[in-house]
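Residues per chain, in single letters:
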Amino acid sequence: MASTRTAPPAKGLKNSRALSLRIPEPRFRPGEKADFSSLVIPEAGATPRPEVDTAPKDMRELAYGMIRVLDRDGQPVGPWNPKLDPATLKRGLKTMMLTRAYDDRMYRAQRQGKTSFYMKCTGEEAVAAAAAMVLTREDMCFPTYRQQGLLIARDYPLVDMMNQVYSNAKDPMKGRQLPVMYSSKKDGFFTISGNLGTQVPQAVGWAMASAYKGDDKIAATWIGDGSTAEGDFHEAMIFASVYRAPVILNIVNNQWAISSFHGIAGGEDATFASRAIGYNLPALRVDGNDFLAVYAATEWAAERARSNLGATLIEHYTYRAEGHSTSDDPSRYRPTDEGKIWPLGDPIERLKQHLIALGEWSDDKQQALYEELVELVRAAGRESETHGTLHAGERPSIKTMFEDVYKEMDWRLVEQRQELGI
Amino acid sequence: MNAMTKTEEAKLDAASPMNMIQAINSALDIMLGRDPNVLTFGEDVGYFGGVFRATEGLQKKYGLNRCFDTPITEGGIIGTAIGMATYGLRPVVEIQFADYIYPGYDQIVSEAARIRYRSAGDFTAPMTIRTPYGGGIFGGQTHSQSPEALFTHVAGVVTVIPSNPYDAKGLLISAIESDDPVVIFEPKRLYNGPFEGYPDKPVTPWQKVEGNLVPEGYYTVPLGKARTVREGQDVTVLAYGTMVHVAVAAATEAGVDAEVIDLRTLAPVDLEAIVASVRKTGRCVIVHEATRTSGFGAELSALVQEHCFYALEAPILRVTGWDTPYPHAFEWEYFPGPTRVARALKQVMVG
Ligand SMILES: Cc1ncc(C[n+]2csc(CCOP(=O)(O)OP(=O)(O)O)c2C)c(N)n1
Ligand SMILES: [Mg+2]
């Protein structure tokens, strides 16, 4: 017979250990030497590629691995190689470079007082550029403020983007939104919210609507590593799973959420991709600075969604190379050289290296393209500024401030508009 | 908990011209020092010291456990604070912008506000939520809102809005010591200096504002008590937060002898102070930055009507933000600045 045990006394003396509260901390702070040598990064080509109809339970290891295609020499290796032709690769490179040139100019414009705020996506360009090329314009993207590359990939006019950033007379959003909060339904780009995480369940609902209607469109959404803590993210996951919604759920793990490292979002001991497992969703973890890997993973997830097999969670492992926004100073909370020694490099440099390795590109061509794009952005900037900047020149008509609150303006708004004297 | 240490007593006399952030930081510093049950947390609050720097230096001084970063989940921040408070701690949480408090709203409305009532006092939630609110910094619709009426409407929550560094510190200490849940909306436009609502006028930093002295030690400003900022005979202006300064400027602009009352606590509001003033002046203008419909001004207007009807010589007027989201490009057309307030002051004088 098994020996019996007595329950601990409900009251009275206990001989128990004192608990203590754990607060996670990043490994390196300003003034310290960052060192990523202990990061476990699988070799390019090492992660297997399951069939798109694989059951989530049979591919859980992908949530812990990392899909990587480009090796150190810029050669594509392994089962995830999307085998893109040079023209497609060059388009991807150009999108990423244009995104960076655009960011650089608008960042400077904010510094010159031409607008209130700006956010760059430096180092993360591959995430949006590759996805935009896989998805069609009929699919709907539900981005955060860091996927401006989606619009750029779709040739949305730079001038219109700038007009939005300047809240000027030609701003498509009529001066209502904070800079970078674009919207373009015709380009499959959902209106950006300032409230983190809200877009994720909305993307799932949009995808459910497509399924409900018997259409063939899918949705894709992006969320930052930090924002996955919001309830919205988890609510989205359960709906995506239960209703097998045709949606791609992207987590952009750029290691930081303003000043908080990924460990504050619970990403230190578990991968963000692994959150899919409890919801019975397939998860892919991707080298987010490898254009080919992002492309291939998105293609896999899109095919799965289009085959009515439901949602996929993709974690893009990347690094926020610059400050959170123009309001931020990252040197206050992380070593300044972290970005430089980030082991997964820079997405533009890596794709360039690949094209050179293919014999399709050269440093001179890269430089020429860079100059061409900078000039393109400069010209767009000059044009946009003729329509005004935040504090100078033309603005949208003040009257428009009272429009679109409701479909029809009710007596309150009519009265208030009159009170303002317009 | 109320016993003062010798150094605190010594510091009582010492006062310095702090800005509002420094005053809030000082309140937290003092309460962390006095009471081991006080702790503070929120997004970017720990090592970085908060995006507005209200918790700067506190993690270093009091350790990781007393001042720390949280995951980005306002529901999680407020929900765990409630759990801690019911255990006996006095958590002070920061919601980075009032515009982001909504994911935590259910925890405030259905939980923090009602725990005492539904358990017949068995459990209580003595906690403080600090959050910057209001416009005037070109923050667009998600960094400019004034959602105070969503909280004053909730039975069981104390709602506080300071308008200067002295009150910010004293009210925050009172909030931390309160046995009820308190939401403090901090007018972010006032963090660095008073703002009269003239966007082109350079801001005078609080450090240079005459009479702005904040004691370095412990003191409280009582919850539920208004303050008369400017005495006057002709009309009572009810205001709070940024609008207190706008109202004072408007009185000057209008040349009207207005009595400006800074409510400081919105719920429970200082009815006595309101009634005494309106009975004296016979007129009332209510000013807030929040949208008009169902704003806190509606409650104030009802109270004045109920308690001062026979003293009123003119209809009560409200000057508020419009019933639209806060538009980025039209910040100053939206903001109910001194010119609009002055117009209302002149109008009630005629009425
Ligand atoms: C609901 C909500 N809470 C807080 C914020 C303030 N905020 C804006 S961005 C940000 C950090 C987001 O980090 P992450 O999700 O990792 O995205 P990243 O900026 O790194 O792309 C925070 C806390 C917000 N916009 N919305
Ligand atoms: Mg991030």
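Structure's up top.
No experiment lies behind these values; they were computed from the predicted model shown. (Residues numbered from 1 in each chain as written. Chains lettered and ligands numbered in written order. Predicted model: local features only at pLDDT ≥ 70, side-chain atom pairs only at ≥ 80, totals over all residues. Heavy atoms only, no water.)

Caption draft 1: Structural context of the pairing of strand S6 (residues 283-287) of chain A. All names here are of chain A. With respect to burial, S6 is a largely interior element, five of its five residues being buried. Of the two faces of S6, the one lined by Ala283, Arg285 and Asp287 and the one lined by Leu284 and Val286 are each fully buried. Where S6 and strand S7 (residues 312-317) come together, five bridges link them in parallel fashion. Residue Val286 lies in a different strand from S7, and its bridge partner there is His316. Each parallel crossover has a hand, and the one from S6 via helix H7 (residues 291-306) to S7 is right-handed. (Buried < 20%, exposed > 50% of the residue type's maximum accessible area, 1.4 Å probe, protein only. Helix = DSSP H or I, 4+ residues; strand = E, 2+ residues; numbered from the N terminus. Pairing = 2+ DSSP bridges. Right-handed = clockwise from strand over helix to strand, strands pointing away.)

Caption draft 2: Structural detail: the pattern of salt bridges. Residue and element names in this part refer to chain A. Scanning the entire structure with this criterion turns up 42 salt bridges over all chains. In this structure, the salt-bridge partner of Arg68 is Asp287, at a minimum N-O distance of 3.0 Å. Taken together, the residues Arg68 in the segment before helix H1 (86-111) and Asp287 in strand S6 connect sequence positions 219 residues apart. Neither residue differs from the other here; Arg68 and Asp287 are each classed as buried. The salt bridge involving Lys120 is made with Glu322; its shortest N-O contact spans 3.2 Å. Linking Lys120 in the loop between H1 and helix H2 (125-134) with Glu322 in the loop between S7 and helix H8 (347-357), this pair joins segments that are 202 residues apart in sequence. For Lys120, a relative accessible area of 9% translates into the label buried. Taking the relative accessible area as the measure of exposure, Glu322 reaches 30% and is therefore partly exposed. (Salt bridge = Lys/Arg side-chain N within 4 Å of Asp/Glu carboxyl O.)

Caption draft 3: Spotlight on the coordination of the magnesium ion (ligand 2). All names here are of chain A. Surrounding the magnesium ion (ligand 2) are the protein donor atoms Asp225 (OD), Asn254 (OD1) and Trp256 (O), at 2.0 to 2.1 Å. Sequence spacing of the donors to the magnesium ion (ligand 2): D-x28-N-x1-W. In this pair, the class of Asn254 matches that of Trp256, namely buried. (Donors = N, O, S within 2.8 Å, 3.2 Å for Na, K, Ca; no water.)

Caption draft 4: Here's a closer look at the site of ligand 1. The immediate surroundings of ligand 1 are formed by 20 residues, with Tyr145(A), Arg146(A), Asp225(A), Ser227(A) and Glu74(B) found nearest. Residue neighbours of ligand 1 fall on chains A and B, so the site bridges chains. Residue Leu196(A) places a main-chain N or O atom 3.1 Å away from a nitrogen atom belonging to ligand 1. A distance of 2.6 Å separates a nitrogen atom of ligand 1 from a polar side-chain atom of Glu74(B). Burial of ligand 1 by the protein amounts to 96% of the accessible area it has alone, namely 580 Å². (Near = heavy atom within 4 Å. Polar contact = N/O pair within 3.5 Å; in protein donor to acceptor, adjacent residues only side chain to side chain. Areas by Shrake-Rupley, 256 points an atom, 1.4 Å probe, with all protein chains shown as cover.)

Caption draft 5: Here's a closer look at a negative patch on the surface. Together, Glu51(A), Asp53(A), Glu299(A) and Glu303(A) line one region of the surface with negative charge. Look at Glu299(A) and you get partly exposed, because its relative accessible area is 33%. (Patch = residues over 30% accessible without salt bridge, like charges linked within 9 Å, V, L, I, M, F, W, Y side chains within 5 Å. Lys, Arg positive; Asp, Glu negative; His and termini not counted. Charge placed at Lys NZ, Arg CZ, Asp CG, Glu CD.)

Caption draft 6: Representation of the sheet that holds S7(A) within the structure. All names here are of chain A. Taken in spatial order, the five strands make up an open sheet running S1-S2-S3-S7-S6, and their pairing is parallel. In this open sheet, the two strands that pair with only one neighbour each are strand S1 (140-142) and S6. Direction aside, the axes of adjacent strands within the sheet are offset by 20 degrees on average. Where strand S2 (residues 219-224) lies against strand S3 (residues 247-253), six bridges are found, and the strand directions are parallel. When the bridges of S3 are listed, Thr221 appears paired with Leu249. (Axes fitted to C-alpha atoms, helices over the stretch in contact; angles between N-to-C directions.)

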